[in-house]
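Structural description and commentary
The residues making up each chain are set out below.
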Amino acid sequence: MVMKRAYLLGNHAVAYGLVEGGLQAAFAYPGTPSSEITEKLASLAEQYRFYVEWSINEKVALETAYGVALSGRRAAAIMKHVGLNVAADPLMTAAYTGVVGGLVIVVADDPGIHSSQNEQDSRQYALFAKLPCFEPASPQEALEMVKFSFAFSEKISQPVIIRLVTRLAHGKAAVTLGQRIELSQSTTGFKKEPSRWVMVPANARQAHRRLNETQKVVAEAMEELEFNYFQPGEEGLVIASGLTWFYVREVFAKQENNWSLVKIGTYPLPEKLLAKALKRAKKVLVVEEGEPVVEQWVERLLCKINPGATVHGKEDGCLPREGEVSVELVEKAVNQLAGKQMNPKPVPPSLLPRSPVLCPGCPHRASLHLLKKVFGRKAIFPGDIGCYTLGVNIGAIDTCLCMGAGLSTGAGLARLEPDRPVVAIIGDSTFFHAGIPALINATYNQAELVVAILDNRTTAMTGHQPHPGIGYTATGEKTTEIDLEKLCQACGAKQVIILDPYQVAESLSVLKQLKDQPGVRVIIFRRACILLEKTHHRFEITLDEDKCQGCQVCFYLGCPAIEWVNNRPVINNSCTGCGLCVAFCPHQALNKYEKNS
Amino acid sequence: MKKTVDIVICGVGGQGIILVSDLLGEACVKAGLPVTGSETHGMAQRGGSVEAHIRMGGVFGPKVPLQQADLLLALEPLEAARFSLYLRAEGLAIVNLAPIKPITQKTTYPQQSELLALVKKTGANMIADDFTCYARKIGSEKILNVLMVGVASPFLPVGFDCLREALKTVVREKFWKINEQALQWGRDYCQRIFSPQGEQGRDHA
Ligand SMILES: Cc1ncc(C[n+]2csc(CCOP(=O)(O)OP(=O)(O)O)c2C)c(N)n1
Ligand code: SF4
């Protein structure tokens, strides 16, 4: 790799860090804000000769990466924060067994909930599993940390967690790239060592002791790392972790006072370094993204070292408990502690919101309206996670908890609400990720449930990654395409039908028949995401002014291509010609014409 | 010119805002300036409000603090108003006046004058025009983003050749020509406005 400087996304810097660190195999399931790491890796895999895959879910990704690490090679598992919940089972015990080759687990948190269902803090998983965790402050540091963590993981024989946050993952900076570490080819491969790799109780007890003993070694090692440092100043002290470090630096660049600052980049925290800073402090402000992890740690340390000092941060309300930290919030906290007045910040003007919506021509819109029309107002639509969650705006998604939950929640709802039709809605990628066990459970336990799999031939929400139903891999090679229809049949579904949601009349009649039948019925709505279609605009849509009654049925389809002007629909130029509005207009006022005919 | 130029770019998912951020960032790299930034990925890209921050010469975090942006590059007027609170009082707003209506049932799109009044309230200067219309004339609405960078180019801490070079890094070769045209058109437009005989400080509010 030539020395090169480029304006890089934080996630791309992480990818280069993995490559430079000698990555041999990477495993990931997509999820904002982590997906670009794996996409970048896929584009570099051939050049640097490593392996990268989109795995079916995070648990499988981590376990497969763990397998690589047991063979003495360097592996990475990459996911978003909630992905670590799915992978928590292997995580907890991989900490017991440890690894041989470096294993780096990259987890991207989403404080502020830009594109997630919660804002959990992965550092707590690191503490829970008793694994070391690094948290970078900038894309450049992310590259360095990730690169370093392979060797560190091998040194301590433990997996290492890298915690990112959205502003780092989707932050950008000019980054200097380095060289890929040349690894000696001398690994002996997997060595049988049941006492270490087979976690039966007798071995697990030993392993737990080993894990606890490693804690001291790891804590010692953190004191040496440049990812943490202390910048002595006046008696006020600010401790900042991850990228909040730069928020703090920015605030003090404008202040006359010159407080002492500590930058935190590792967990466990460097207690000796902190002790130096805490000893002479009177007021300590702790700044971090997520839960008050550092804050509570510092409180514990202060009890021993300097009980007279006061700690400020998320626990005393100096900084908010929820959401993202910002320069503005740090400035306010610092001024508050310094007893200074601040000009109030402007309040955002209350303006017409612009929320995300399904694309014009999105096949999900058609599927969801078909289901609503056939199953009616009484029906419950437990939903799942993906683009189709946006169906909440058109009243076709009633729940969204976590990936795969729609099917199981639906089975639960149907069990004790037998008079209401329950139609679980799940995307194709989500179905592979976590829907299969839920479907089997429903058929095995004879639930009354309709399952709609919205098969748009991709993982759209996170940027159109392939999945096992598509027939090609992360790096674009052809592979086995899992047949959804046969899979659902094998899961025990009595009826499995495939519909094209654009064929409105036909779909309606099939759905009506299916409605009153018993048992688990699966409908696969198959139609590719409109963004994958190279040429759309199959039809030109026009309005017959005389027939239009102004009923707004077309408008309420919620399509961005239909505007409502002077009590009439106006089709704007974002129309893809899918024809859904034509089929749904009760007065035949909308017509479609084959384009160029 | 102060050392860091803080820019907020805003518009609607799908307008090519990330490309603008890449273009400005690469131009900094070419000019040897430090740079940081941040952008919106994920859910909001499906037609939601989208913002990107870029700090040309910046050495701190990725986000521009409120009331600190030197430049607001708004590809849509409603979004210009929404993100105007980032502008500092002596800053500059470059606003595209072509509206994109959010599909929220019933509520009507605000008056243009209302939206521009919000931008002006910050005390910043403003260049506002229907740049979408010009982009269409050059050949495609898709180049609106680069055209508006051209309009902003005299206010950036990098030379115009850095921008032109950066364009080649961030745009596929097939589209170089039309994008270069757009960039140049934008620059000429701005120079026309600010030339002594030009319509100095013209704004269309
Ligand atoms: C455990 C977990 N992993 C990843 C994600 C991120 N994520 C949200 S939706 C989604 C996939 C959506 O794909 P699909 O089900 O095919 O629906 P589409 O977006 O294509 O409509 C992913 C990966 C998540 N929310 N939770
Ligand atoms: S990206 Fe595809 S699946 Fe997602 S809303 Fe757009 S058309 Fe629908």
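Quantities reported herein were computed from a predicted structural model and do not represent experimental measurements.

1. Comments concerning the domain arrangement of chain A
A common way to report how large an interface is uses the accessible area buried once the components associate. Residue and element names in this part refer to chain A. What the domain assignment lists for chain A is domain 1 (4-185 + 194-223), domain 2 (229-338), domain 3 (363-526) and domain 4 (539-594). The distance between the C-alpha centroids of domain 1 and domain 2 comes to 27 Å. Across the boundary between the two partners, domain 1 contributes 27 residues, which contact 26 residues of domain 2. Summed over both sides, the interface of domain 1 with domain 2 buries roughly 2,100 Å², with 56% coming from carbon and sulfur. Ranking the residues of domain 1 by area buried against domain 2 places Arg123, Ala137 and Glu223 at the top, with a combined share of 28%. Where domain 1 meets domain 2, there are 4 salt bridges. Between Glu141 and Lys263 there is a salt bridge, and its shortest N-O distance comes to 2.8 Å. Where domain 1 packs against domain 2, one counts 18 residue pairs in polar contact (both at pLDDT 80 or more). At the level of secondary structure, the elements contributing two or more residues to the side of domain 1 that touches domain 2 comprise helix H6 (123-129), strand E6 (133-134), helix H7 (139-156), strand E7 (160-165), helix H8 (166-169) and helix H10 (201-224).

2. So, the site of ligand 1
All names here are of chain A. As a structural note, the neighbourhood of ligand 1 is formed by 26 residues, with Glu58, His364, Asp428, Thr430 and Ala460 the closest of them. In this structure, Thr458 approaches ligand 1 through a main-chain N or O atom, which is 3.0 Å from an oxygen atom. For ligand 1, whose accessible area on its own is 580 Å², the fraction buried by protein is 97%. At the level of elements, helix H4 (81-86) and helix H17 (428-444) are the ones that each hand at least two residues to the shell around ligand 1.

3. Observations concerning the confidence of the model for chain B
All names here are of chain B. Residues at a pLDDT of 70 or more form 91% of chain B, whose mean pLDDT is 91. Below pLDDT 50 for its whole length, residues 200-205 participates in 19 contacts with residues either more than four positions away or in separate chains. Reported for the predicted complex are a pTM of 0.96 and an ipTM of 0.92.

4. A short note on the pattern of salt bridges
All names here are of chain A. Scanning all chains against the criterion turns up 33 salt bridges over all chains. With a shortest N-O distance of 3.4 Å, Arg163 and Asp121 are connected by a salt bridge. Taken together, the residues span a long stretch of sequence, with Arg163 in strand E7 and Asp121 in the loop between strand E5 (103-109) and H6 at a distance of 42 residues. Note on Arg163: relative accessible area 1%, which makes it buried. Residue Asp121 is classed as buried on the basis of its relative accessible area, which comes to 4%. Among the salt bridges present, the one from Glu135 reaches Arg163, with a minimum N-O distance of 2.7 Å.

5. Describing the side chain of Asn145(B)
Residue and element names in this part refer to chain B. With respect to the helices and strands, Asn145 occurs in helix H5 (residues 144-152). Look at Asn145 and you get buried, because its relative accessible area is 3%. With near-sequence residues (within four places) excluded, Asn145 lies in contact with Gln15, Gly16, Leu19, Val20 and Leu75.

6. Description of the nonpolar core
Residue and element names in this part refer to chain A. In this structure, Leu371, Phe431 and Val522 are the most contacted members of the largest nonpolar core, which totals 79 residues. Each of two domains, domain 3 (363-526) and domain 4 (539-594), supplies a minimum of three residues to this core. In this structure Phe431 touches Leu407, Ile426, Ile436, Leu439, Ile453, Leu484, Leu487 and Cys488, once residues within four positions along its chain are discounted. One finds Ala6, Leu143, Leu285 and Leu319 within the second-largest nonpolar core, a separate group that totals 68 residues.

7. With respect to the interface of chain A and chain B
Each side of the interface is counted separately: chain A has 50 residues, and chain B has 52 residues. Taken together, the two surfaces of chain A and chain B that pack against each other cover about 4,300 Å², and 60% of this comes from carbon and sulfur. Of all residues in chain A, the largest losses of buried area upon contact with chain B belong to Tyr7(A), Leu352(A) and Arg354(A), amounting jointly to 22% of the total for that side. Here chain A and chain B share 6 salt bridges between them.

8. Quick word on the packing of helix H4 (residues 131-138) of chain B against H5(B)
Residues and elements named next belong to chain B. At a closest axis distance of 9 Å, the pairing of H4 and H5 adopts a crossing angle of 115°. As summarised for this structure, H4 and H5 are arranged roughly perpendicular, according to the angle between their axes. Judged by the sense of rotation from one axis to the other, the crossing of H4 with H5 is right-handed. Contacts from Phe131, Thr132, Tyr134, Ala135 and Ile138 in H4 reach Leu144, Leu147, Met148 and Val151 in H5.

9. What about the environment of Gly323(A)?
Residues and elements named next belong to chain A. Structurally, Gly323 is set in the loop between strand E14 (310-312) and helix H14 (327-337). C-alpha separation for the pair Gly323 and Val217, spaced 106 residues apart in sequence, amounts to 34 Å. Setting aside residues no more than four positions away along its own chain, Gly323 makes contact with Pro111, Gly112, Glu119 and Glu289.

10. Here's the deal with the pairing of strand E3 (residues 51-54) of chain A
Residues and elements named next belong to chain A. Inspection of the sheet shows strand E2 (residues 25-28) paired to E3 by 4 bridges, in the parallel sense. Directly across from Ala26, in E3, lies its bridge partner Val52. For the handedness criterion, the β-α-β arrangement of E2, helix H2 (residues 35-48) and E3 is classed as right-handed.

11. Side note on the site of ligand 2
Every residue close to ligand 2 is listed here: Leu358(A), Cys359(A), Cys362(A), His364(A), Cys387(A), Asn456(A), Ala460(A), His464(A), Cys529(A), Ile530(A), Leu531(A) and Arg46(B). At ligand 2, the nearby residues belong to more than one chain, namely chains A and B. Taken together, the residues of the shell around ligand 2 break down into 8 nonpolar, 3 polar and 1 charged.

Calculation notes
- Residues numbered from 1 in each chain as written.
- Chains lettered and ligands numbered in written order.
- Predicted model: local features only at pLDDT ≥ 70, side-chain atom pairs only at ≥ 80, totals over all residues.
- Heavy atoms only, no water.
- Domains from an automatic or database assignment.
- Contact = heavy atoms within 4.5 Å.
- Buried area = accessible area lost by both parts, 1.4 Å probe.
- Salt bridge = Lys/Arg side-chain N within 4 Å of Asp/Glu carboxyl O.
- Polar contact = N/O pair within 3.5 Å; in protein donor to acceptor, adjacent residues only side chain to side chain.
- Helix = DSSP H or I, 4+ residues; strand = E, 2+ residues; numbered from the N terminus.
- Near = heavy atom within 4 Å.
- Areas by Shrake-Rupley, 256 points an atom, 1.4 Å probe, with all protein chains shown as cover.
- pLDDT = per-residue confidence, 0-100.
- Buried < 20%, exposed > 50% of the residue type's maximum accessible area, 1.4 Å probe, protein only.
- Core = buried A, V, L, I, M, F, W, Y, C linked by side-chain atoms within 4.5 Å.
- Axes fitted to C-alpha atoms, helices over the stretch in contact; angles between N-to-C directions.
- Parallel < 35°, antiparallel > 145°, perpendicular 65-115°, else oblique.
- Left-handed = near helix turned anticlockwise from the far one by under 90°.
- Pairing = 2+ DSSP bridges.
- Right-handed = clockwise from strand over helix to strand, strands pointing away.
- Nonpolar A, V, L, I, M, F, W, Y, C, P; charged D, E, K, R; others polar.

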